Amino acid sequence: MAERYLDFDEIIDRYNTNSVKYDLKEDMGYPEDALAMWVADMDFKSSSYIEDALERCIKHGVYVYGFASESYVNAVLAWMRKHHNWIAKSEWLVKAPGVVFAIAAAIRAYTNPGDAVLIQEPVYYPFKNEIVANERKTVINNLLYENGKYSIDFEDFENKIINENVKLFILCSPHNPVGRVWKKKELERLGNICKEHEVIIVSDEIHHDLIFEGEHTVFTNVNKDFEDFSIICTAPSKTFNLAGLCASNVFIPNQKLRNKYKEEMSKVSANVNILGLAACEAAYSKGETWYNAMMKYVKANIDFTKEFVKGIPGVKMVKTEGTYLIWLDFKELGLEKAELENLIKNKAKLWLDGGGMFGEAGIGFQRINAACPRSILEEALKRLKMAVEEIKKTA
Ligand SMILES: Cc1ncc(COP(=O)(O)O)c(C=O)c1O
């Protein structure tokens, strides 16, 4: 049977589905008519092969304890081999209900309370939340932002590692929210510094399939030596829009690190979700047509945004190499943080992720999600343009 869900223009009513993106609008104080373009999920129906697999499970009617079967593991490994040129071994794979869950477990497994954990802001905010919630110390190596482009401040990275006695580094690759797909050379330099100073790397590669420019390199593919001290976090959730099914795949090549991680996981006794297993296996083994079509559509959305934003005075779009999240720079408008939030929320009537959520370095930016029907994206950008032009007039 052919793939049935390839109409990405379709507007799907997502209200009253227990969706944080839509159903928390009122609770979060957003106007009723605000467009929800914040959290990283897509407004698209996922592959019909996933629906079929889930339907089979649901019709079975027995929703019990599950495990990652051989066919599941083979499907995951085959996807990694084909899409990332990565020969991961089955014994490296550890299931987790989510990537954030896995990152929190890694923090507890490999560091002690009070130990320093490094992140590169602006970055996906749960990294810091988990460091703080687990009573570790956050060390920030801000990304450099020059001429509208982000890069890594390697000197500061190494100095912070030495001076703060950093034990663990959470890498975001590709990087949410700034959209960088790190070059192999950049990853190599990070890895070499961590190797020299015995820093464990948790590489969050959840956006690894969403590459629009450049090439994603799995961290352990940069250099085999990196397998000794790296944990690679993956999931089908961003690629196939499955976040609610809690099915992540964590790879830990080093046996000692893997055992430590498993020990930590056993303390919280996390079950796997059998619907998540079925969806992930179907996605990786049969979702290719959907994936390719989705990528084409989202790429066109990103290009559309790039052109549109050129016509919004004082707003710049940072180049999106990866992820479906677009990072917009409003600094030229010279607004205070609260003024910018007010502009977005109450004037443009948009629910975006304010840049400050991603750290101090994100202030003056907003993140907009481009994985939605083009008509919604266009409406959002029109609202943004009107709101900005309005304040420009009154300034
Ligand atoms: C970089 C990054 N890591 C992790 C997650 C969430 O992962 P999970 O839902 O598996 O916890 C997201 C979601 O937006 C993300 O952008």
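If you're wondering where the values come from, they're calculated on a predicted model, not measured in any experiment.

Visitor: Quick one: what's the story with the sheet that holds strand β15 (residues 365–369), residue by residue and with numbers?
Guide: The pairing of strands in a sheet happens through backbone hydrogen bonds and is either parallel or antiparallel. Read across the sheet, four strands follow the order β11-β12-β15-β14 without closing on themselves; strand pairing throughout is antiparallel. Where the open sheet ends on each side, the last strands, each with one partner, are β11 (316–317) and β14 (353–354). Alignment of β11 against strand β12 (residues 325–329), held across two bridges, turns out to be antiparallel. What sits directly across from methionine 317, in β12, is leucine 328.

Visitor: Break down unusual backbone geometry for me, citing the residues and quoting the values.
Guide: The peptide bond linking glutamate 121 to proline 122 adopts the cis configuration, its omega dihedral lying at 0 degrees. Checked against the element boundaries, proline 122 lands in the loop between β3 (116–119) and α5 (126–133). That bond from asparagine 176 to proline 177 is cis: its omega, 15 degrees, falls within 30 degrees of zero. Along the polypeptide, proline 177 turns up in the loop between β7 (166–172) and α7 (184–196). Even without a glycine there, the phi angle at glutamate 198 is positive, about 55 degrees. Along the polypeptide, glutamate 198 turns up in the loop between α7 and β8 (200–204). Residue glutamate 198 is classed as exposed on the basis of its 10 C-beta neighbours within 10 Å. A positive phi is found at asparagine 241, a non-glycine position, where the angle reads about 60 degrees. Among the secondary structure elements, asparagine 241 is positioned in the loop between α9 (237–240) and β10 (248–251).

Visitor: Give a description of the site of the ligand that names residues and reports values.
Guide: Near the ligand there are 14 residues, and of these Ala40, Gly98, Val99, Val100 and Tyr124 occur at the shortest range. Ranked by residues supplied to the shell around the ligand, first place goes to helix α4 (residues 99–110) with three residues. Residue classes in the shell around the ligand are distributed as nine nonpolar, four polar and one charged.

Visitor: Tell me about the domain arrangement of the protein chain, and please be specific about residues and values.
Guide: Domain parsing of the protein chain yields domain 1 (20–46 + 288–394) and domain 2 (51–286). For domain 1 versus domain 2, the separation of C-alpha centres amounts to 26 Å. Taken residue by residue, the interface counts 25 residues in domain 1 and 28 residues in domain 2. Counting residues per element, the ones that place at least two in the side of domain 1 that touches domain 2 are α12 (288–309) and β12. Per-element tally for the side of domain 1 that touches domain 2: the top contributor is α12, with three residues. The class makeup of the residues in the side of domain 1 that touches domain 2 is twelve nonpolar, seven polar and six charged.

Visitor: Please provide a residue-by-residue account of the sheet that holds β8, values included.
Guide: On the basis of which strands lie adjacent, the open sheet formed by seven strands has the order β2-β10-β9-β8-β7-β3-β4 and mixed pairing. Single-partner strands in this sheet number two, and they are β2 (93–96) and β4 (137–140). Here the average twist between neighbouring strands, direction ignored, is 25 degrees. By the bridge criterion, three bridges tie β3 to β7 in an arrangement that is parallel. Each bridged residue has a counterpart across the sheet, and for valine 117 the counterpart in β7 is leucine 168.

Visitor: Quick one: what's the story with the nonpolar core, residue by residue and with numbers?
Guide: In terms of nonpolar packing, the biggest core is built from 125 residues, with Met37, Ile103, Ala106, Ala279 and Leu350 touching the most fellow members. Sorting elements by how many residues they give to this core places α4 first, with nine residues. Of the domains in this structure, domain 1 (20–46 + 288–394) and domain 2 (51–286) are the two that each give at least three residues to this core. When residues no more than four places from it in sequence are discounted, the contact partners of alanine 279 are Ile50, Ala53, Leu54, Leu242, Leu245 and Ala247.

Rules behind the numbers
- Residues numbered from 1 in each chain as written.
- Predicted model: local features only at pLDDT ≥ 70, side-chain atom pairs only at ≥ 80, totals over all residues.
- Pairing = 2+ DSSP bridges.
- Helix = DSSP H or I, 4+ residues; strand = E, 2+ residues; numbered from the N terminus.
- Buried ≥ 20, exposed ≤ 12 C-beta atoms within 10 Å, placed from the backbone.
- Near = placed C-beta within 6 Å.
- Nonpolar A, V, L, I, M, F, W, Y, C, P; charged D, E, K, R; others polar.
- Domains from an automatic or database assignment.
- Contact = placed C-beta atoms within 7 Å.
- Axes fitted to C-alpha atoms, helices over the stretch in contact; angles between N-to-C directions.
- Core = buried A, V, L, I, M, F, W, Y, C linked by C-beta atoms within 7 Å.

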